[in-house]
Amino acid sequence: QPHALQPVTLADAPTEMAPMLAALNALFARIGALMEAERRFTADAAHELRTPIAAIRVQAQVALAESDDARRRHALEATLAGCDRAAWLVDQLLTLSRLEAGAAPAAAALDLGALVRKVVAELAPQALQKSQTVELDAADACTVQGDATLLSVVVRNLVDNAIRYSPLHATVRMAAFQRGSQ
């Protein structure tokens, strides 16, 4: 059967075939693990995307039903923000999928301070909408080994959560510095 990935066992197989059978069975195990990861990814993606898509739909319905221009504009802006959140979520899910498939990029030296400054600058408008202050203490030379894309996802999640779950007028403090070799 095409989806049959059970190990091949031959009781009467010559000893010369043992390495080939072991390699074939290892291949079947890897294929099975990849198929299971793909099933989990699909289920997780569907679950994670339900909420933002439902929110986008509600905002679009509000905009359609609204006769007041200011309220319609507000609903449409919320719809666009929901689309941005859904796109961000899709990007994260795709990154996760690539990592689960073993496609993690090689680590390289990069400036964590510069990366944090860039992410904070991108998310600053979100903080301003909540009248929050963002303070950043990022060393000029804060070299780490890693992947810029993956570290950006981590820093973006941290900053986004800090802004999103802090109250109005809060101060969000971010720091990136080197202490010894860390």
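As the structure is a computational prediction, the values presented were derived from the model and not from experiment.

A closer look at the pattern of salt bridges
Evaluation of the coordinates by the stated rule reveals seven salt bridges. Between K118 and E122 there is a salt bridge whose closest N-O contact spans 3.6 Å. With K118 and E122 both in helix α3 (residues 112–129) and four residues apart, this pair spans about one turn of that helix. Among the residues examined, E122 registers a relative accessible area of 39% and is labelled partly exposed. The residue E122 makes a salt bridge to R156 at a minimum N-O spacing of 2.1 Å. Separated by 34 residues along the polypeptide, E122 in helix α3 and R156 in helix α4 (residues 148–165) bring together distant segments of the chain. Put simply, K118, E122 and R156 are held in one network by salt bridges that share partners.

Some details on the nonpolar core
In terms of nonpolar packing, the biggest core is built from 16 residues, with L112, L115, V116, V119, V155, V159 and I163 touching the most fellow members. Secondary-structure elements contributing two or more residues to this core are α3, α4 and β4 (171–176). In terms of residues, this core owes the most to one element, α3, which gives seven residues. With sequence-adjacent residues up to four places away left out, V159 is seen in contact with V119, V120, L123 and M174.

Overview of helix α1 (residues 18–65)
In this model, α1 (48 residues) spans 70 Å end to end at C-alpha, consistent with the 70 Å of a helix rising 1.5 Å per residue. Looking at α1, one finds that the buried residues are L21, F28, A37, F41, A45, L49, P52, I56 and A63.

Notes on unusual backbone geometry
Despite not being glycine, S131 shows a phi value in the positive range, around 55°. Within the secondary structure layout, S131 lies in the loop between α3 and β2 (133–138). Among the residues examined, S131 registers a relative accessible area of 40% and is labelled partly exposed. Even without a glycine there, the phi angle at H169 is positive, about 65°. Along the chain, the position of H169 falls in the loop between α4 and β4.

Re α4
Helix length check: α4, at 18 residues, gives a terminal C-alpha distance of 25 Å against a target of 26 Å (1.5 Å per residue), a fit within 8%. The set of residues buried in α4 consists of V155, V159, D160 and I163. Around the axis of α4, the buried residues are gathered within 130° of arc, so they sit on the same side. Across α4 from its buried face, at more than 90 degrees, point the exposed residues L158 and Y165. Between the side-chain oxygen of the N-cap and the backbone nitrogen of T149 there are 3.2 Å, and the N-cap of α4 in question is D147.

Conventions and cut-offs
- Residues numbered from 1 in each chain as written.
- Predicted model: local features only at pLDDT ≥ 70, side-chain atom pairs only at ≥ 80, totals over all residues.
- Heavy atoms only, no water.
- Salt bridge = Lys/Arg side-chain N within 4 Å of Asp/Glu carboxyl O.
- Helix = DSSP H or I, 4+ residues; strand = E, 2+ residues; numbered from the N terminus.
- Buried < 20%, exposed > 50% of the residue type's maximum accessible area, 1.4 Å probe, protein only.
- Core = buried A, V, L, I, M, F, W, Y, C linked by side-chain atoms within 4.5 Å.
- Contact = heavy atoms within 4.5 Å.
- Expected span 1.5 Å × (residues − 1).
- Arc of directions from axis to C-beta.
- Polar contact = N/O pair within 3.5 Å; in protein donor to acceptor, adjacent residues only side chain to side chain.

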